[in-house]
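A structural walkthrough
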Amino acid sequence: MSDTVTEAKKPGFIPPREPLYEWGMRVSTTEDLFNDGSHPHAAEGALLIPKGTPGTIVRIGHAEGTTIPVYLVEFPAGVVVGCLEEEILPADGKRRGVPGVME
């Protein structure tokens, strides 16, 4: 009998999920946004953007190691904050559907 090591299956490539919102879209915050330590110009835990503040999506990426879209939103005074979909709402007030799912 040979000593065979069973190789664990590696997960396959999972493509990033399509974002619900688009670059250039006007949005507002659905909740107060606090610094989680990733914003260099404010203390950790500091309020960055109050609920309801309008802004514009200036870039869309994905959270490191995940397929979750992250939106860089520019708010008044040039403050740019990374937001998740549940933290913003289009300025028209209508949530978008899930990509690939018909409503």
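That block above? That's the structure.
First things first, this report covers the structure right here in the doc. (Residues numbered from 1 in each chain as written. Predicted model: local features only at pLDDT ≥ 70, side-chain atom pairs only at ≥ 80, totals over all residues. Heavy atoms only, no water.)

Some remarks on the nonpolar core
Definition in use: The definition of a nonpolar core used throughout is a set of buried Ala, Val, Leu, Ile, Met, Phe, Trp, Tyr and Cys residues joined through side-chain atoms within 4.5 Å. Only protein chains enter the accessibility calculation, which uses a 1.4 Å probe. A residue is then buried if its area is under 20% of the maximum for its type, exposed if over 50%, and partly exposed in between. The helix count covers DSSP runs of H or I at least four residues long, the strand count covers runs of E at least two residues long, and both are numbered beginning at the N terminus. Only heavy atoms matter for contacts: two residues are in contact if any of them lie within 4.5 Å across the pair.
I57, V73 and I88 are the most contacted members of the largest nonpolar core, which totals 14 residues. Within the residue set of this core, elements represented by two or more residues are β3 (47-49), β5 (69-75) and β6 (79-83). The greatest single-element share of this core, amounting to three residues, is contributed by β5. Non-local contacts of V73, meaning those with residues more than four positions away in its chain, are made with V27, G55, T56, I57, V79, V80, V81, C83 and I88.

Description of the environment of Y71
As a reminder, the rule being used: Nitrogen and oxygen atoms within 3.5 Å of one another constitute a polar contact, given that in protein one can donate a hydrogen and the other can accept it, and given that sequence-neighbouring residues count only through two side-chain atoms.
Mapping Y71 onto the fold places it in strand β5. With relative accessibility at 0%, the residue Y71 sits in the buried group. For the pair Y71 and T56, spaced 15 residues apart in sequence, the C-alpha separation works out to 9.5 Å. Those residues within four positions of Y71 in sequence are excluded, and the remaining contacts are P19, L20, Y21, I57, R59, I60, V81, G82, C83, L84, E85 and I88. A polar contact is formed between the side chain of Y71 and the backbone nitrogen of L20, at a distance of 2.9 Å.

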